[in-house]
Each structure stands twice: as structure tokens, then as C-alpha cells.
Amino acid sequence: MKNINMNNESYLDVYTFVGHMRDLAFKALKIEDTVPFTIGLDMKKGIYGSTVAAEDKPNEMNVRYVEININQTMEDMIETIFHETRHIYQYQTYKRYMLSRHRRDIKRTKQRTFMQYWMQPIEIGARLYARYAMKKYKRQIDNIVQQYKDKVLDLKLY
């Protein structure tokens, strides 16, 4: 059931599904923010999600939005939502580190390799957390998936 290819689903259904999973992920990490999640229809192949942050003030970093790639399976999408939500938590909890990392990335002239990206502590932490959350919240996830399958999820527009 979780192997549903989400790019074959309607945009509104996917958006609603992502909204419910986002709410669960926010609740799990006690995030009270209202960071919007969008559905990426033309994201590069191999990119499942993206947390877009920007420096608002000289010493402040905020997450603007999260983009979730529609071209993945439901299970991958759930894991991506937990992964990207963990990044929101990281930005809120480790503000100084995330701000310095953001400034360093802006100054870089050379593109990072995939392995350099993959081995960053924040990426390792987000991947580990997502796997952990998938197990810990399995019952709640399965409930949302079943409601999605039965087409009874409340519409989420925000």
C-alpha cells in the first residue's frame, strides 16, 4: 500500500496527504511553527525534498518553506516529510550553527559533491531521525495512509 507512486495521484490528494503527515511530524518534534510545505512537480530526479531557508536579519535564520517532490513512492514521501521536518527542528534548535553553515554555503564557489552533501552531520541526523520516526509513529502513519486509501482524509489547504 505504501508503494503507491504519488505522481499518479491528484495534486490536491497529494497536498492533503502531505499536510496530514506534516502535522504528525510537527507534533512529534513539538514544532509550533507554520512552515508551509509545497509539492514540487518538476524537481530534479533524485531530490526527494528541500528545506528552503534564508537569512532574515544579520543573526537570524528562518525556514521559508519545504518542497516535497511528487515523483516518489508514498513510503519515500513519508520518510522525506520526517527528514525535512527534522531540518526545521535543526534550524530552530541549532540557530548559530545553521546560520554559519548557510553563510559558508553562500560563499562557496565550488559545487559540493553528492558525498560531501550526504556526509554532513545535519543530513546524517535527519536521515537517522526519519528512519526512527517511521518506526516510532508507524501506527499513526498507517492510520493516515488508510484514510488516504479510503479517500476520507480531511482536506488540508494552508
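Look a little higher up for the structure.
Quick summary incoming for the structure in this document. (Residues numbered from 1 in each chain as written. Predicted model: local features only at pLDDT ≥ 70, side-chain atom pairs only at ≥ 80, totals over all residues. Heavy atoms only, no water.)

Here we come to the overall build of the protein. When helices and strands are counted, the protein shows six helices and three strands. Listing the helices and strands of the protein from first to last along the sequence gives α-β-β-β-α-α-α-α-α. Within the protein, the fraction of its 158 residues that count as buried is 42%. The long-range share in the protein, meaning contacts at least 24 apart out of those at least 6 apart in sequence, stands at 73%. Only carbon and sulfur atoms are counted for the fraction: they give 52% of the accessible area of the protein, which is about 9,700 Å². (Helix = DSSP H or I, 4+ residues; strand = E, 2+ residues; numbered from the N terminus. Buried < 20%, exposed > 50% of the residue type's maximum accessible area, 1.4 Å probe, protein only. Contact = heavy atoms within 4.5 Å. Areas by Shrake-Rupley, 256 points an atom, 1.4 Å probe, with all protein chains shown as cover.)

Okay, the environment of Ala 28 next. Tracing the sequence through the fold places Ala 28 in helix 1 (residues 11-28). For the pair Ala 28 and Phe 82, spaced 54 residues apart in sequence, the C-alpha separation works out to 9.3 Å.

Let's shift gears to the packing of helix 5 (residues 121-136) against helix 6 (residues 138-149). At a closest axis distance of 5 Å, the pairing of helix 5 and helix 6 adopts a crossing angle of 75 degrees. Put simply, helix 5 runs roughly perpendicular to helix 6. Residues Ala 133, Met 134, Lys 135 and Lys 136 of helix 5 form the contact with helix 6, whose participating residues are Lys 138, Gln 140 and Ile 141. Split by residue class, the contact of helix 5 with helix 6 holds three nonpolar, one polar and three charged. (Axes fitted to C-alpha atoms, helices over the stretch in contact; angles between N-to-C directions. Parallel < 35°, antiparallel > 145°, perpendicular 65-115°, else oblique. Nonpolar A, V, L, I, M, F, W, Y, C, P; charged D, E, K, R; others polar.)

Moving on: the packing of helix 1 against helix 2 (residues 74-93). Taken N-terminus to C-terminus, the directions of helix 1 and helix 2 make an angle of 45 degrees; their axes are 10 Å apart at the nearest point. For the element pair helix 1 / helix 2, the angle class is oblique. Viewed along their axes, helix 1 and helix 2 form a crossing whose handedness is right-handed. Residues Val 14, Phe 17, Val 18, Met 21, Arg 22, Leu 24, Ala 25 and Phe 26 of helix 1 form the contact with helix 2, whose own contacting residues are Met 74, Met 77, Ile 78, Ile 81, Phe 82, Thr 85 and Ile 88. Considered class by class, the residues forming the contact of helix 1 with helix 2 number 13 nonpolar, one polar and one charged. (Left-handed = near helix turned anticlockwise from the far one by under 90°.)

All told, the structure shown has two salt bridges when counted by the stated rule. Where Asp 23 meets Arg 22, a salt bridge forms, and the shortest distance between an N and an O atom there is 3.0 Å. Owing to a relative accessible area of 5%, Arg 22 belongs among the buried residues under this scheme. (Salt bridge = Lys/Arg side-chain N within 4 Å of Asp/Glu carboxyl O.)

This part is about the nonpolar core. Counting residues in each nonpolar core, the largest one holds 39 residues, and the members touching the most others are Phe 17, Met 21, Ile 78, Phe 82 and Ile 141. Counting only elements with at least two residues in this core, the list comes to helix 1, strand 1 (37-40), strand 3 (60-69), helix 2, helix 5 and helix 6. Ranked by the residues each element gives to this core, the list is headed by helix 1, at nine residues. Beyond its immediate sequence surroundings of up to four residues, Met 21 is in contact with Ile 78, Ile 81, Ile 141, Ile 144 and Val 145. (Core = buried A, V, L, I, M, F, W, Y, C linked by side-chain atoms within 4.5 Å.)

What follows covers the side chain of His 83. Structurally, the position occupied by His 83 is in helix 2. Among the residues examined, His 83 registers a relative accessible area of 11% and is labelled buried. Setting aside its immediate chain neighbours within four residues, His 83 contacts Glu 123, Ala 126, Arg 127 and Ala 130.

The next point concerns the packing of aromatic side chains. The full count for this structure, using the stated rule, is five aromatic pairs. Taking the centre distance of 6.2 Å and the plane angle of 15 degrees together, the rings of Tyr 11 and Tyr 15 count as stacked. Taken together, the residues Tyr 11 and Tyr 15, both in helix 1 and four residues apart, mark about one turn of the helix. Residue class for Tyr 11 comes out partly exposed when judged on its relative accessible area of 38%. A ring pair is formed by Tyr 129 and Tyr 132, whose centres lie 6.1 Å apart and whose planes are at 50 degrees; its orientation type is tilted. Here Tyr 129 pairs with Tyr 132, and both are found in helix 5, just three residues apart, close to one helical turn. Arg 22 extends its terminal NZ or CZ atom over the ring of Phe 26, reaching a point 4.0 Å from the ring centre. (Phe/Tyr/Trp six-rings, centres within 6.5 Å; stacked < 30°, edge-to-face > 60°. Lys NZ or Arg CZ within 6 Å of the ring centre and 35° of its normal.)

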